[in-house]
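Residue-level listing of the chains:
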Amino acid sequence: MQQEVLSKQLDLSALLHDVSNSFKGASLIVNQLIDGAYGYSLEEIRPFLIALRDTNDRGMSLVEANRVSQEAKPVTVAQFDMLSFLQTTYSLFKPIAQYHSLNLHYETQSSYKHGTQVQGDSISIDRMLCNLVTNAIKYTLAGDIFLRLLNQEDDLAIEIEDTGCGIAAEQLSNIFIPLWRAPNSNLLHQSGMGLGLYIALCVAHAHGLKISVNSVAKQGTKFTIIFPYKDDGIYGLDGRMLPKSQRLQDALSI
Ligand SMILES: Nc1ncnc2c1ncn2[C@@H]1O[C@H](COP(=O)(O)OP(=O)(O)OP(=O)(O)O)[C@@H](O)[C@H]1O
Ligand SMILES: [Mg+2]
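Residue indices begin from 1 for each chain and proceed along its sequence in written order. Each chain is given a letter, starting from A, and each ligand a number, starting from 1, according to the order in which they appear as written. Totals for whole chains, interfaces and linings use all residues, but because this is a predicted model, local features are given only for residues with pLDDT of at least 70 and pairs of side-chain atoms are given and counted only at 80 or more.

- The name an unreviewed UniProt entry gives the protein is histidine kinase, with Nostoc punctiforme as the organism.
- UniProt positions are given in the numbering used here, feature names are shortened, and annotations may be inferred rather than shown by experiment. Database annotation for the protein, UniProt heading Catalytic activity (unreviewed entry): "ATP + protein L-histidine = ADP + protein N-phospho-L-histidine."

Structure, rendered in structure tokens:
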């Protein structure tokens, strides 16, 4: 019973965490527009207005998805194109990275062995990716961030790599623990709750995706998410999420 209450609290904290990050991103883009960082004509600022609208929509769809799950409706597992999905993620985060004087790059292959269609709950997958890209921006003082979509043999892999502070080898095993933060996180003047990676892990686990990390202190970090290839020509889920009982935690409204 106590476990259930704790799990619900974590669920709510995780939702508030992601909704507030969306709105923080939106307000950052608005401030850049007000400062004229991208120019003043409609043509110049249109891509950033689109990023602003999409960031705002992301916050709203999280709230909506939570309302739907409160009403105990099933989660929507659908097929979508990861190549264009990541293009949107890139467009949303490009101005935020630029605000922090970082270069965000989106690297793709010219062709993919089995195409780029994946199956999953796009709102949750978006939460996972946004948390990883947000971290890459947060923990990199200067340099580049790479978002990549690649084939790894038959599977589809997303990489999020940064040239930031890295994570000490002895701390790597802690990073997915809810509320854990590396001792140097505050030294970098970065606030946080220690929930982003836990959210990412929950989404990966619920979808049966493999998430792994490579990091070298003071050099950078790379997270890799593998969407396994399925015989029907689509990557990812077989058509349904893991039942709640088999999930890591009921930490997400998925
Ligand atoms: N890309 C990264 N580079 C270096 N350290 C990282 C990176 N991503 C995560 N970490 C470390 O792992 C810890 C946990 O990350 P997590 O995203 O869960 O929490 P947070 O970023 O501290 O806070 P929150 O995401 O809740 O705002 C971070 O505090 C940081 O120490
Ligand atoms: Mg984080």
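Having seen the structure, we can now continue with the description.
## Describing the packing of helix α1 (residues 2-34) against helix α3 (residues 82-99)
At step 1: Running from N to C, α1 and α3 point in directions that differ by 65°, and their axes come no closer than 10 Å. What the angle tells us is that α1 and α3 run roughly perpendicular. The crossing of α1 and α3 is left-handed. The segment α1 lies against α3, with Gly-25, Leu-28, Ile-29 and Gln-32 engaging Leu-92, Pro-95, Ile-96 and Tyr-99.
At step 2: Each residue is assigned to one class: nonpolar for Ala, Val, Leu, Ile, Met, Phe, Trp, Tyr, Cys and Pro, charged for Asp, Glu, Lys and Arg, and polar for all the others, Gly among them. Residue composition of the contact of α1 with α3, by class: six nonpolar, two polar and no charged. Here, axes are lines fitted to C-alpha atoms. For helices the fit covers the stretch in contact, and angles between N-to-C directions go from 0 to 180 degrees. We count a stretch as a helix when DSSP gives it H or I for four or more residues in a row; a strand needs E for two or more, and each element gets its number in order from the N terminus. Angle categories are assigned with fixed cut-offs, so that under 35 degrees is roughly parallel, over 145 is roughly antiparallel, 65 to 115 is roughly perpendicular, and the rest are oblique. Two helices crossing with the near one rotated counterclockwise from the far one by less than a right angle form a left-handed crossing, whereas a clockwise rotation gives a right-handed crossing. A pair of residues counts as a contact when their C-beta atoms, built from backbone coordinates, are within 7 Å of each other.

## Some details on the site of ligand 1
At step 1: Near, for a residue, is defined by distance from a backbone-placed C-beta atom to a molecule or strand, with 6 Å as the limit that must not be exceeded. Tyr-139, Arg-181, Ala-182, Gly-192 and Gly-196 are the nearest of the 24 residues found near ligand 1.
At step 2: At the level of secondary structure, the elements contributing two or more residues to the shell around ligand 1 comprise α4 (122-138) and α5 (196-207).
At step 3: Here the shell around ligand 1 takes four residues from α4, the largest share from any one element.
At step 4: The residue makeup of the shell around ligand 1, split by class, is eleven nonpolar, ten polar and three charged.

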